[in-house]
Amino acid sequence: MLSRRNILAGGTGLLAAAGAAQPFALSAQERGASVDGSRSASLFLPDDGPAPATIDRLPLDWSKERTRTLQAQLERAGYDGILLTNQWNIIYFTGLWHTTTERMIHCFIPTQGSSPIWFYPALDRDLIRSWWFEDGDMYFDWLDVAGAMPNEGIVKKGPTRDLWVWLMEGLKRRGFAGRPLAVDKELVPTAQKKVVDVLGSPMAAADDLCLAMRMRKTPLEIALTRRAYSYFDRIHAFARDLILTHGTDLVDYEVAHAAEKFGTDLIMNDLNFDGKPHSAVGVSVGVKCRAGQPTGYPHPNQFYYNKVERGQALQVSGVVRIGGCGGECYRPYMIGPRTAHMEKIWTGARDACLMQKDLSRKGTECADVAYAIHELQVGRGLQDYIYHRPAHGEGMEGHQPPYLALGDHTILDTGMMFSVEPGLFDPQTGVGANFSDGFIVQDEGPSLQMSRLPWSEEWAFIDI
């Protein structure tokens, strides 16, 4: 079996035999072969703009502009501020990348004001205070005791403090009692009662204001997404070259981890970061590979450790993001000798992807795109292999509304980004094909494809 140390560095060595259990072996000539993705990269689609961003993350000025836009919408709606509780809303509008646990990190955006008001645990004080911070209240930890601050030398026990009430009291001290306020979710009755008890009036749910902005990607988000996909293209080229070079000496696990290490090195060696907060944020590199039987299921639950073999389906998939921008990119392969059934499933999935690109235009209803794609699949006699909708919306959090689904009647608008997944799956033969990519709705014409990976038989019908 290939050495992870050598494969991950460029894909050229052997794992020292662990007893007699090693099932595969490479010749000395194969061991010295180099894999860098250049062979497959020659098949990339031509550049079509926009150019990849040169920045590593969305800057604070971008978040401040987004906040000003939100404030203008709040004013038009008659609200004096909004409480952000959702991690992705906080990241989007403030630029503060953070981890969520049971600990409460919320921020309040006043309609008339220049900065957020933070409510946060001592755990995150360095992150928050070193970013966009002018005002805020800190508690020690979850579960909290009023007045206890071991970090300040104050250690005490006592009744558990209700941090939701504590937050409302913080807003009241700042003069927000009795004023029309919003929150980015629908509050459960018990939470709403506490709002009324402290502030005198309920908070209205205004999650739609936040989501509507996040669904429509700005030009800078699109440029940063294109940068993430430019790395993803090279990761896929590396994985394809690795399979072509070492073929049946691999298991799918090795392909995935070799490509993920290749991609991580590629990206991190190109980013400006010093190990301190607020740099190299929102970076994720996840690559998977499944060979044979698992490709026949949309969401397999088994571990992927299958030998790459001739005459089988294989899929390389994953998600890459930089500064939270990026998305999915999958490509299914049919390894020769191919059956007519394998080619039918792959071609049906591919043609539906190209249909999605053409139909996903501004002003079109999501359900209409889904309907046309499912009509194509059924018209080709592929109904037995349909398991799901063609696509989901794509955002920093991954799946995001709207959806290209029969029941989603959202009208497509500029900047909406979607996965590309009209996949087809046959568990009986262990053959499946599920492409994905990033398609972004344009002002005019068909959607813009984020990757430069082709949809061709030349790319996907391989022989090893």
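As a reminder, the structure under discussion sits directly above these lines.
An account of the accompanying structure is given in this report. Predicted model only: the values in this text are computed from it and were never measured. (Residues numbered from 1 in each chain as written. Predicted model: local features only at pLDDT ≥ 70, side-chain atom pairs only at ≥ 80, totals over all residues. Heavy atoms only, no water.)

1. Quick notes on the packing of aromatic side chains
Following the criterion strictly, the structure yields 17 aromatic pairs and no others. Taken together, Trp346, Phe435, Phe439, Trp455 and Phe461 form an aromatic cluster joined through their ring pairs. For arginine 240, the ring lying beneath its charged end belongs to tryptophan 459, and the centroid distance is 4.8 Å. Lying across the ring of tryptophan 455, arginine 331 places its NZ or CZ 4.1 Å from the centre. (Phe/Tyr/Trp six-rings, centres within 6.5 Å; stacked < 30°, edge-to-face > 60°. Lys NZ or Arg CZ within 6 Å of the ring centre and 35° of its normal.)

2. What about helix H5 (residues 87–94)?
With respect to burial, H5 is a largely interior element, 7 of its 8 residues being buried. In this structure, the buried side of H5 is in contact with helix H4 (60–77), strand S1 (81–84), strand S2 (106–110), strand S3 (117–121), helix H9 (207–215) and helix H10 (219–246). Positive backbone phi, at 80°, marks glycine 95, one or two positions downstream of H5. (Buried < 20%, exposed > 50% of the residue type's maximum accessible area, 1.4 Å probe, protein only. Helix = DSSP H or I, 4+ residues; strand = E, 2+ residues; numbered from the N terminus. Contact = heavy atoms within 4.5 Å.)

3. Concerning the side chain of glutamate 328
Assignment of secondary structure puts glutamate 328 in strand S9 (residues 325–328). Although glutamate 328 is buried, it makes no salt bridge; arginine 321 carries the closest opposite charge, 6.5 Å away. Within the structure, the side chain of glutamate 328 is placed 2.9 Å from the side chain of histidine 392, a separation counted as a polar contact. Here serine 436 takes part through its side chain, which lies 2.8 Å from a polar atom of the side chain of glutamate 328. Apart from the residues lying within four places of it in its own chain, the contact partners of glutamate 328 are Tyr229, Phe232, Gly318, Val319, His392, Glu394, His399, Ser419, Glu421, Ser436, Asp437 and Gly438. (Lys, Arg positive; Asp, Glu negative; His and termini not counted. Salt bridge = Lys/Arg side-chain N within 4 Å of Asp/Glu carboxyl O. Polar contact = N/O pair within 3.5 Å; in protein donor to acceptor, adjacent residues only side chain to side chain.)

4. Some words on the environment of alanine 291
On the secondary structure map, alanine 291 appears in strand S7 (residues 284–291). Taking the relative accessible area as the measure of exposure, alanine 291 reaches 2% and is therefore buried. Along the primary structure alanine 291 and aspartate 252 are separated by 39 residues, whereas in three dimensions their C-alpha atoms are 5.8 Å apart. Discounting residues that sit within four places of it in the chain, alanine 291 has contacts with Asp252, Asn306, Lys307, Gln312, Ala313 and Leu314.

5. Digging into the sheet that holds strand S5 (residues 181–183)
Strand order across the open sheet formed by 6 strands is S4-S3-S2-S1-S5-S6, with mixed pairing between neighbours. With one partner strand each, in any of the chains shown, strand S4 (135–139) and strand S6 (203–205) form the two edges of the open sheet. Put simply, the sheet's adjacent strands are angled 20° from each other on average, direction ignored. In this fold helix H7 (residues 163–173) packs onto S1, S2, S3, S4 and S6, with an angle of close to 155° to the strand it touches most, S4. (Pairing = 2+ DSSP bridges. Axes fitted to C-alpha atoms, helices over the stretch in contact; angles between N-to-C directions.)

6. Remarks on unusual backbone geometry
In this structure, proline 50 follows glycine 49 across a cis peptide bond, with omega equal to 0°. Checked against the element boundaries, proline 50 lands in the loop between helix H3 (38–41) and H4. For the bond running from tryptophan 142 to leucine 143, omega is 0°, close enough to zero to count as cis. With respect to the helices, strands and loops of the structure, leucine 143 is situated in the loop between S4 and H7. Not every positive phi belongs to a glycine, and histidine 278 is a case in point at roughly 80°. With respect to the helices, strands and loops of the structure, histidine 278 is situated in the loop between helix H11 (252–268) and S7. Among the residues examined, histidine 278 registers a relative accessible area of 17% and is labelled buried.

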